[in-house]
Amino acid sequence: MADETSLKLRTTSDPANLAPTRHRIEAFCAHQQMNPEACDLIGLCVNEAMANVHRHAYGGADDQPIEVLAERVQRGVRVSIRDWGNGHTPATLPDVKIDPLRPGGLGLICLKQYMDVVQFSPQPDGMLLIIEKDRT
Amino acid sequence: MSDFNTGTDLVPLARREGDAIIARVEGEIDLHNSPELRSALLQLLQGGPAKKLILNVSGVPYMDSSAIAVLVEALQKMRKFGGKLYLTGLQPRVRGLLEIARLDTIFVLKKDEQEALQAPV
């Protein structure tokens, strides 16, 4: 990694990009001395956030841009996921109480349950999602 | 006992033993390939009603919410026949996601295929 404290990935909304992006983010987190479980959880949350961008922000389109920026911060790792889609914000993050037979919204529940910071910031031309996971 | 060919590397081995369908699932599963898993499972279930669908997921190190949705759909189809879905050999990362989705309460989790085969329906 050329710049060891940040990693910027420019990719597209094609679900084929989920695994390679997830793997690179997990490797970055490991490089920042995050514990293996935290690396896995950040990878999962980036995967879920990108899948939601594909499904909701871009209406299933495979060829739209997504930028993922992972950064070392004082308390752990921050990942910013930028899209240029419809800019709709989930009105509220769902409660962790879910019906197991209706798994929709699970991605957002993962964000809420596993991340220490989850912040949706609507942009004039899309959405910026910031998630953070502490080292401890 | 009869073998199935699901036509996908995600489910390389599947067979029927009595009233049970047993399938081995392999690889990381996310939104990119979960439709493939869905097709394979639906194909297995088209072979006739079964009381048990046993998925050996010991070769699945990762799955996301789209894979969870596929498993729930398979479970709902099994329930129509009065059947159950068993998951065996769960890796920790997959178990964690099942727990957060509370699916550990609706699937039957077993150590291995043999234990699932011997479990009462």
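Now for a description of the structure that goes with this document. Fair warning: this is a prediction, and the values are worked out from it, not measured in the lab.

1. Quick notes on the overall build of chain A
And step 1. A tally of helices and strands in chain A yields three helices and five strands.
And step 2. The helix and strand sequence of chain A, counted from the amino end, reads β-α-α-β-β-α-β-β.
And step 3. Across the 136 residues that make up chain A, the buried fraction comes to 40%.
And step 4. Taking the intrachain contacts of chain A between residues at least 6 apart in sequence as the baseline, contacts between residues at least 24 apart amount to 64%.

2. Examining the overall build of chain B
And step 1. In terms of helices and strands, chain B carries four helices and six strands.
And step 2. Counted from the first residue to the last, chain B has its helices and strands arranged as β-β-β-α-β-α-β-α-β-α.
And step 3. Each of the 121 residues in chain B was classed as buried or not, and the buried ones make up 46%.
And step 4. Nonlocal contacts in chain B, meaning residues at least 24 apart in sequence, comprise 70% of its contacts between residues at least 6 apart.

3. Here we look at the packing of helix α1 (residues 18–31) of chain A against helix α2 (residues 36–57) of chain A
Residue and element names in this part refer to chain A.
And step 1. α2 packs onto α1 with a crossing angle of 145 degrees between their chain directions and a minimal axis gap of 8 Å. Pair α1 / α2 crosses with right-handed handedness. Facing α1, whose interface residues are Leu18, Thr21, Arg22, Ile25, Glu26, Cys29 and Ala30, α2 presents Ala38, Cys39, Asp40, Ile42, Gly43, Val46, Asn47, Met50 and Ala51.
And step 2. Split into classes, the residues belonging to the contact of α1 with α2 amount to ten nonpolar, three polar and three charged.

4. Brief notes about the pairing of strand β4 (residues 117–123) of chain A
And step 1. Among the seven residues of β4 of chain A, zero are classified as buried, and the element is accordingly described as predominantly exposed.
And step 2. In textbook terms, the turn of a hairpin is the stretch between consecutive antiparallel strands, and for β4 of chain A and strand β5 (residues 126–134) of chain A this stretch comprises two residues.

5. Thoughts on the sheet that holds strand β1 (residues 2–4) of chain B
All names here are of chain B.
And step 1. Spatial strand order, β1-β2-β3-β4-β5-β6: six strands in an open sheet with mixed pairing. Each edge of the sheet is formed by a strand with only one pairing partner; in this case those strands are β1 and β6 (108–110). If you compare each strand with its neighbour and ignore which way they point, the axes differ by 25 degrees on average.

6. Here's the deal with helix α3 (residues 92–100) of chain B
And step 1. For α3 of chain B, the full list of buried residues reads Val94, Leu97, Leu98 and Ile100 of chain B. The arc enclosing the buried residues of α3 of chain B, seen along the axis, measures out at 165 degrees, which places them on a common side. Seen from the open side of α3 of chain B, the exposed residues pointing more than 90 degrees away from its buried face are Pro92 and Glu99 of chain B.
And step 2. Contacts made by the buried residues of α3 of chain B are with α3 (106–114) of chain A together with β4 (52–59) and α2 (65–80) of chain B.
And step 3. Directly after α3 of chain B, the chain includes Arg102 of chain B, whose backbone phi takes a positive value near 60 degrees.

7. Concerning the sheet that holds strand β3 (residues 76–83) of chain A
Residue and element names in this part refer to chain A.
And step 1. Ordered by their spatial adjacency, five strands build an open sheet running β1-β2-β3-β5-β4, and the pairing between neighbours is antiparallel. Of all strands in the sheet, those with a lone pairing partner are β1 (6–12) and β4, marking the two edges. With direction set aside, neighbouring strand axes in the sheet form an average angle of 15 degrees.
And step 2. Two elements, β4 and β5, share seven bridges in a ladder whose sense is antiparallel. Each residue of the ladder has a partner; that of Val118, found in β5, is Ile131.

8. Points about the nonpolar core
Residue and element names in this part refer to chain A.
And step 1. If you look at the biggest cluster of nonpolar residues, it comprises 78 residues, and the most contacted ones within it are Ile42 and Cys45.
And step 2. Counting residues per element, this core draws most heavily on α2, which supplies twelve residues.
And step 3. When residues no more than four places from it in sequence are discounted, the contact partners of Ile42 are Ile25, Glu26, Cys29, Val77, Val79 and Lys133.

9. Quick word on the interface of chain A and chain B
And step 1. Counting residues at the interface gives 19 residues for chain A and 18 residues for chain B.
And step 2. Listing elements by their share of the side of chain A that touches chain B, those giving two or more residues are α1, α2 and α3 of chain A.
And step 3. Counting residues per element, the side of chain A that touches chain B draws most heavily on α2 of chain A, which supplies six residues.
And step 4. Residues that form the side of chain A that touches chain B fall into these classes: 13 nonpolar, four polar and two charged.

Conventions used here
- Residues numbered from 1 in each chain as written.
- Chains lettered and ligands numbered in written order.
- Predicted model: local features only at pLDDT ≥ 70, side-chain atom pairs only at ≥ 80, totals over all residues.
- Helix = DSSP H or I, 4+ residues; strand = E, 2+ residues; numbered from the N terminus.
- Buried ≥ 20, exposed ≤ 12 C-beta atoms within 10 Å, placed from the backbone.
- Contact = placed C-beta atoms within 7 Å.
- Axes fitted to C-alpha atoms, helices over the stretch in contact; angles between N-to-C directions.
- Left-handed = near helix turned anticlockwise from the far one by under 90°.
- Nonpolar A, V, L, I, M, F, W, Y, C, P; charged D, E, K, R; others polar.
- Pairing = 2+ DSSP bridges.
- Arc of directions from axis to C-beta.
- Core = buried A, V, L, I, M, F, W, Y, C linked by C-beta atoms within 7 Å.

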